[in-house]
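# Summary of the model geometry
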Amino acid sequence: MKTKTKTKAVKATNQKRSIVSKRFVIRKKLVGQGLIIKYTNYDGKVCDYDHDKVYNEHQNRFDSMPCFKKRKIYTQTHNLPKFVRDMKAYI
């Protein structure tokens, strides 16, 4: 019975958590949490992205933005940013 408990715990840690947002968001405090963020853009299309993949791929870009330096957050309401859409895999 202990083996089953350990197996379930391992499965739970391997799964990524997902959260629903009203916009595309990159937050410094969410880095490393393994989140999949889902939101619906203005065209009604549901967009999913791996927060850590996007941040790690464009870390220099985010870290050099004045808004990110000041507030530790970057958001975009209407759609995924072009540099994210151009990524081969963002999920």
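All of these numbers come straight from a predicted model, not from anything done at the bench.

Of regular secondary structure, the protein chain possesses five helices and five strands. In the protein chain, the order of α-helices and β-strands from amino to carboxyl end is α-β-β-β-β-α-α-α-β-α. With the model as given, the accessible surface of the protein chain reaches about 6,700 Å², and the carbon-plus-sulfur share is 51%.

The next thing to look at is unusual backbone geometry. The backbone of Lys 72 shows a phi angle near 60°, a positive value even though the residue is not glycine. Checked against the element boundaries, Lys 72 lands in the loop between helix H4 (66–71) and strand E5 (73–76). Using a relative accessible area of 43% as the deciding quantity, one classes Lys 72 as partly exposed.

Now for the environment of Val 25. With respect to the element layout, Val 25 can be found in strand E2 (residues 24–27). Residue classification places Val 25 among the buried positions, given a relative accessible area of 6%. A C-alpha to C-alpha distance of 9.9 Å links Val 25 and Tyr 49, two positions 24 residues apart in sequence. Among residues more than four places away in sequence, those in contact with Val 25 are Ile 37, Tyr 49, His 51, Ile 73, Tyr 74 and Thr 75.

Pairs may arise between side chains of opposite charge once their charged atoms sit close together. Following the criterion strictly, the structure yields two salt bridges and no others. Lys 28 is the partner of Asp 63 in a salt bridge, and the nearest nitrogen-oxygen pair spans 3.8 Å. Of this pair, Asp 63 sits in helix H3 (residues 59–64) while Lys 28 sits in the loop between E2 and strand E3 (35–40), and the two are 35 residues apart along the sequence. Take Lys 28: its relative accessible area is 35%, and that puts it in the partly exposed class. Among the ionic pairs, Asp 86 bridges to Lys 82, the shortest N-O distance being 3.1 Å. Residues Asp 86 and Lys 82 agree in their burial class; the two are exposed.

For the rest of this paragraph, the subject is a positive patch on the surface. On the surface, Lys 22, Arg 23, Arg 27 and Lys 29 cluster together into a patch of positive charge. Considering the arrangement of structural elements, one finds Lys 29 in the loop between E2 and E3. On the basis of relative accessible area, Lys 29 is assigned to the exposed category, the value being 62%.

Mapped onto the elements, His 51 comes out in helix H2 (residues 51–57). With residues up to four places along the chain from it excluded, the contact list for His 51 reads Val 25, Ile 26, Arg 27, Leu 30, Val 31, Leu 35 and Ile 37.

Cut-off values and rules
- Residues numbered from 1 in each chain as written.
- Predicted model: local features only at pLDDT ≥ 70, side-chain atom pairs only at ≥ 80, totals over all residues.
- Heavy atoms only, no water.
- Helix = DSSP H or I, 4+ residues; strand = E, 2+ residues; numbered from the N terminus.
- Areas by Shrake-Rupley, 256 points an atom, 1.4 Å probe, with all protein chains shown as cover.
- Buried < 20%, exposed > 50% of the residue type's maximum accessible area, 1.4 Å probe, protein only.
- Contact = heavy atoms within 4.5 Å.
- Salt bridge = Lys/Arg side-chain N within 4 Å of Asp/Glu carboxyl O.
- Patch = residues over 30% accessible without salt bridge, like charges linked within 9 Å, V, L, I, M, F, W, Y side chains within 5 Å.
- Lys, Arg positive; Asp, Glu negative; His and termini not counted.
- Charge placed at Lys NZ, Arg CZ, Asp CG, Glu CD.

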